[in-house]
Amino acid sequence: MIDESIFFSSDVVSGNVPLKVGQKVNVVVEDDKPLYGFRAIKVDVVPHRLYGAVPSDSGTRVLIGCVTSISEDTIYISNSIYFSIDIFSEDFVPYKGDLLEVEYSTEPGISNIKATSVKPTRCIHAEEVCITSVHGRNGVIDYTIFFTLDSVKLPDGYIPQVYDIVNVVMVESIQFCYIWRAVSVTPAQKSSSGFQDDGGLGRPKKERRSQSI
């Protein structure tokens, strides 16, 4: 069981990795009417730290962590690892639950680490997807992508509504039963030539598709 509410079997765990109680995972779920609950159809292990062997005298390393809290202009991924929000580009505002790839260095004799680069673990662009629910300041797109008005980029004057067809930029994030969070939502529009205008999020496409960035 995951979070005491989601049933899963070992055959849906990616890579047949053995799991332990207390381990963090990403999960894709679906309704299981016979069980009156949720059943996982895919389970991925969330790596706490992935160290990369990068040739450097300063000991440059890479770790993957989940944003645990945000205090003023400081982002925390653990009690001992944090960095300023200024390290991010203007196009990305981190949110609690986001998975980040952090490149950092350590100095001999000093326990503190210095983050040199921080970015989302994955960033995906999806075209012409439908807003399926809105509750207060939060909502869901295509039944799988979480968004919150507290941390999403919208065109001036646009308020997301159910059934709107939109273009989305999303990042990997742990949000309730969702593993994606929209960081940008733009209404999809059609031009006279039949191409989609994606509001500057990417090159116009005739067909809906998802693409890794």
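Residues numbered from 1 in each chain as written. Predicted model: local features only at pLDDT ≥ 70, side-chain atom pairs only at ≥ 80, totals over all residues. Heavy atoms only, no water.

> Just checking my understanding: could you explain the confidence of the model for the protein chain for this structure?
Interpreting fine coordinate detail is not advised for predicted regions of low pLDDT. The pLDDT averaged across the protein chain works out to 77; a share of 71% of its residues lies at or above 70. Looking over the protein chain, one finds the lowest element-wise mean pLDDT in strand E16 (residues 196–197), namely 38, and the highest in strand E11 (residues 138–141), namely 97. The low-confidence segment residues 191–213, where pLDDT is below 50, has 51 contacts with residues more than four positions distant or belonging to other chains. (pLDDT = per-residue confidence, 0-100. Helix = DSSP H or I, 4+ residues; strand = E, 2+ residues; numbered from the N terminus. Contact = heavy atoms within 4.5 Å.)

> Just to check I follow, could you spell out the packing of aromatic side chains for this structure?
The geometry of two aromatic rings is summed up by the distance between their centres and the angle between their planes. Evaluated as defined, the whole model comprises four aromatic pairs. Put simply, the rings of Phe83, Phe88 and Phe92 touch in pairs and so form one group of aromatic residues. (Phe/Tyr/Trp six-rings, centres within 6.5 Å; stacked < 30°, edge-to-face > 60°.)

> I'm lost on the pattern of salt bridges in this one. Help?
Pairs may arise between side chains of opposite charge once their charged atoms sit close together. This model, assessed by the stated rule, comprises five salt bridges. With a closest N to O distance of 3.8 Å, Lys42 and Asp44 form a salt bridge. (Salt bridge = Lys/Arg side-chain N within 4 Å of Asp/Glu carboxyl O.)

> Would you explain the environment of Arg181 in this entry?
Tracing the chain through its elements places Arg181 in strand E14 (residues 178–187). In this structure the C-alpha to C-alpha distance between Arg181 and Ile141, which are 40 residues apart in sequence, comes to 9.4 Å.

> Teacher, can you tell me more about the pairing of E11 here?
Consecutive residues of a regular strand have side chains that alternate between opposite faces of the sheet. Taken together, the four bridges between strand E10 (residues 123–135) and E11 define a ladder with antiparallel strand orientation. What sits directly across from Ser133, in E11, is Val140. Between the antiparallel neighbours E10 and E11 lie two residues, among them Gly136 with a positive phi of about 65°. Two elements, E11 and strand E12 (residues 145–148), share four bridges in a ladder whose sense is antiparallel. Residue Asn138 lies in a different strand from E12, and its bridge partner there is Thr148. Turn length for the E11-E12 hairpin, with the two strands adjacent in sequence and antiparallel, is three residues, and the turn residue Asp142 shows positive phi of about 55°. (Pairing = 2+ DSSP bridges.)

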